[in-house]
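Notes for the structure review
Chain by chain, the residues run as shown.
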Amino acid sequence: AKHEGKAQYHFFAPSLDQAERARIRLERDLRDAIKGVGFELNFQPLYSLEKRRLTGFEALIRWNHPVRGPISPLEFIPLAEESGLIIPIGEWVLREACHQASTWPADVSVAVNVSPKQFTATGIANTVLSALSASGLPAHRLELEITESIFTADVDQTLATLHSLRTLGVKIVLDDFGTGYSSLSYLRSFPFDKVKIDKSFVEDLGTSGNGHAVIRAITMLAAALGMETLAEGVEDVTQFEVLEREGCQNIQGYLFSRPVAADAVTGLLRDGAGY
Ligand code: C2E
Ligand code: CA
Ligand code: CA
Ligand code: CA
């Protein structure tokens, strides 16, 4: 009966089956990449508008597939999440980011994306601690970017994990703020160090009349709660000016710099980091 079911499936949905095969192939290649460390980190500068200087970098994973060439993390991170491969990948990212940052000639921070599966896996605090001590990077220079989807798991457990990470001395950043559907309650439940305004809101600044009001509301709310804001995806001067006027403290985007390879970081730091 099992065999019959399978045959039927083939008959009705051949394209689905092909997609499934492509997925399995990509998953196998991901495993190979983990073994041979086929990944790389790029670093995108984060700027403080108040201090008028570069204050840190976000680490962004890059995968140069042996056959297909560069594959976007938007394609392979979700697959890594589903398959559980995000655990070893995320651990590599954390270790590599801490190691790289420990070699930088300035006291700037490194922000690392922590995916929901990685966050809820047992021992995330130990993984972070181990990456810090292996690299010698002081905890205050590490920022962990998490998204509000971590709150769909057990909320008490999530808060306990956030507090244990905070105890290590690392900073906790709420990424992609505003894209979930009940962001406000999460802001109330944990004192994040920083809130990242999703680039979809920044994009709106040029076009609709409401984008402006949304930015104002987020910065006011964050300020009232004692959290900093960072706007991502800033591409033009108009967006930049609105963000500055509305009191957003930090920005990140192509207007200032695209993500760069690890060996270009020192140059950016040496250029005075003023902008
Ligand atoms: P994210 O965390 O929201 O990262 C910001 C994304 O916006 C990055 O894309 C960055 O290159 C891009 N970006 C920065 N400035 C601009 C801009 O001015 N305009 C536009 N259009 N885009 C801009 P990227 O590197 O392709 O990463 C995409 C997503 O993949 C990330 O979104 C994050 O969710 C995930 N990701 C990337 N690296 C990692 C990682 O090491 N671990 C995990 N778990 N996820 C990662
Ligand atoms: Ca991020
Ligand atoms: Ca983001
Ligand atoms: Ca985003």
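Chains are numbered independently. Their residues run from 1 in the order of the written sequence. Chains carry letters from A onward and ligands carry numbers from 1 onward, assigned in written order. Whole-chain, interface and lining totals are the exception, using all residues; otherwise, since this is a predicted model, local features are given only for residues with pLDDT of at least 70 and side-chain atom pairs are given and counted only at 80 or more. Where side-chain values are given, they derive from all heavy atoms of the structure, hydrogens and water being excluded.

- The protein chain is annotated in an unreviewed UniProt entry as Diguanylate cyclase from Erythrobacter neustonensis.

**Things to note about the packing of aromatic side chains**
- In this scheme Phe, Tyr and Trp rings, the latter by its six-membered ring, pair at centre separations within 6.5 Å, and the angle between planes marks the pair as stacked below 30 degrees, edge-to-face above 60, and tilted otherwise. Per the stated rule, a full pass over the model turns up ten aromatic pairs.
- Relative to Tyr-186, the ring of Phe-151 lies with its centre 4.4 Å away and its plane at 15°, an arrangement referred to as stacked. With a gap of 35 residues between them, Phe-151 in the loop between strand E5 (142-147) and helix H7 (155-168) and Tyr-186 in helix H8 (residues 183-189) connect regions that are remote in the sequence. Taken as a pair, Phe-151 and Tyr-186 share a single burial class, namely buried.
- Joined through ring pairs, the aromatic side chains of Phe-39, Trp-63, Phe-76 and Trp-92 make up one cluster.
- Geometrically, a charge over a ring is one whose NZ (Lys) or CZ (Arg) sits within 6 Å of the ring centre while staying within 35 degrees of the ring normal. Its end group placed over the ring of Tyr-254, Arg-258 keeps NZ or CZ at 3.8 Å from the ring centre. Secondary structure is summarised from DSSP: a helix means a run of H or I of at least four residues, a strand means a run of E of at least two, and numbering begins at the N terminus for each. Relative accessibility thresholds used throughout: buried, under 20% of the residue-type maximum; exposed, over 50%; partly exposed, between the two (1.4 Å probe, protein chains only).

**Let's talk about the site of ligand 1**
- Surrounding ligand 1, one finds 21 residues, the nearest of these being Gln-44, Arg-62, Lys-199, Glu-235 and Tyr-254.
- Polar contacts, as counted here, are pairs of nitrogen or oxygen atoms within 3.5 Å of one another; within protein the pair requires one atom able to donate a hydrogen and one able to accept it, and residues that are adjacent in sequence qualify only if both atoms are side-chain atoms. The separation between an oxygen atom of ligand 1 and a polar side-chain atom of Asn-113 is 3.1 Å.
- For the accessible areas, the method is Shrake-Rupley and the probe is 1.4 Å, while residue cover comes only from the protein chains on display. For ligand 1, whose unbound accessible area comes to 790 Å², protein coverage reaches 86%.
- Residues are called lining when one of their atoms sits within 4 Å of a cavity or pocket point, these points coming from a 1 Å grid over the protein atoms alone, where a cavity is a set in which a 1.4 Å probe fits but cannot get out and a pocket is an open set with protein on both sides within 12 Å along at least five of seven lines. In this description, a molecule resides in a pocket or cavity if more than half of its atoms sit within 2 Å of the grid points defining it. The site holding ligand 1 turns out to be the largest pocket.
- When contributions to the shell around ligand 1 are tallied by element, the ones reaching two or more residues are strand E2 (53-65), helix H3 (73-83) and strand E6 (171-177).
- Ranked by residues supplied to the shell around ligand 1, first place goes to E2 with four residues. Think of it this way: one heavy atom of a residue within 4 Å of a molecule or strand is enough to make that residue near it.

**Here's the deal with the coordination of the calcium ion (ligand 4)**
- Bound to the calcium ion (ligand 4) are the protein donor atoms Asp-176 (OD), Asp-198 (OD) and Glu-232 (OE), situated 2.6 to 3.0 Å from the metal.
- Counted as donors are N, O and S atoms no farther than 2.8 Å from the metal, or 3.2 Å for Na, K and Ca; water is not among the atoms, and sites may therefore look incomplete. Between consecutive donor residues of the calcium ion (ligand 4), the sequence gaps follow D-x21-D-x33-E.
- A gap of 3.2 Å separates the calcium ion (ligand 4) and the calcium ion (ligand 3), which Asp-176 links by coordinating each metal. Here Asp-176, found in strand E6, pairs with Glu-232, found in the loop between strand E8 (228-231) and helix H11 (237-245); they are 56 residues apart in sequence, far enough to count as distant.
- A relative accessible area of 8% means that Glu-232 is categorised as buried.

**Comments concerning the pairing of E2**
- Within E2, ten of the 13 residues are buried, leaving the element largely enclosed by the surrounding structure.
- Two elements, strand E1 (residues 39-48) and E2, share ten bridges in a ladder whose sense is antiparallel. Opposite Glu-40, over in E2, you have Arg-62 as the bridge partner.
- Here E1 folds back onto E2, and the loop between the two strands holds four residues, one of which, Arg-52, carries a positive phi near 55°.
- Whether two strands pair depends on DSSP finding at least two bridges between them. Bridge analysis of E2 against strand E4 (residues 109-113) gives four bridges, and the strand direction is parallel.

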